[in-house]
Amino acid sequence: MAELECLLSTLEVADMLDIEHWQLLRKLDGRTGVNGKHIKGYAMSFS
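**Considering the overall build of the protein**
When helices and strands are counted, the protein shows three helices and two strands. Reading the secondary structure of the protein in the N-to-C direction produces α-α-β-β-α. Within the protein, the fraction of its 47 residues that count as buried is 11%. In the protein, of all internal contacts separated by at least 6 residues, the share reaching a separation of at least 24 is 0%. For the protein, the exposed area adds up to about 4500 Å²; of that, 57% sits on carbon and sulfur atoms.

Quick look at the structure:
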């Protein structure tokens, strides 16, 4: 059976989730909160 490879860009994912692209990038990479505490993103949680 042939392997099926499907790749989506972050722009396409943001469009599907109906959010702005920068918001998706923050969710993936994480961010620094108001109090200076680092909030882990999805990429850091999975690794």
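**As for the environment of Thr32**
Within the element layout of this structure, Thr32 appears in strand E1 (residues 31-32). Those residues in contact with Thr32 that sit more than four places away from it in its chain are Lys37 and His38.

**Here's the deal with a negative patch on the surface**
On the surface, Glu12, Asp15, Asp18 and Glu20 cluster together to form a negatively charged patch. If you trace the backbone, Glu12 turns up in helix H1 (residues 10-17).

Rules and cut-offs
Residues numbered from 1 in each chain as written. Predicted model: local features only at pLDDT ≥ 70, side-chain atom pairs only at ≥ 80, totals over all residues. Heavy atoms only, no water. Helix = DSSP H or I, 4+ residues; strand = E, 2+ residues; numbered from the N terminus. Buried < 20%, exposed > 50% of the residue type's maximum accessible area, 1.4 Å probe, protein only. Contact = heavy atoms within 4.5 Å. Areas by Shrake-Rupley, 256 points an atom, 1.4 Å probe, with all protein chains shown as cover. Patch = residues over 30% accessible without salt bridge, like charges linked within 9 Å, V, L, I, M, F, W, Y side chains within 5 Å. Salt bridge = Lys/Arg side-chain N within 4 Å of Asp/Glu carboxyl O. Lys, Arg positive; Asp, Glu negative; His and termini not counted. Charge placed at Lys NZ, Arg CZ, Asp CG, Glu CD.

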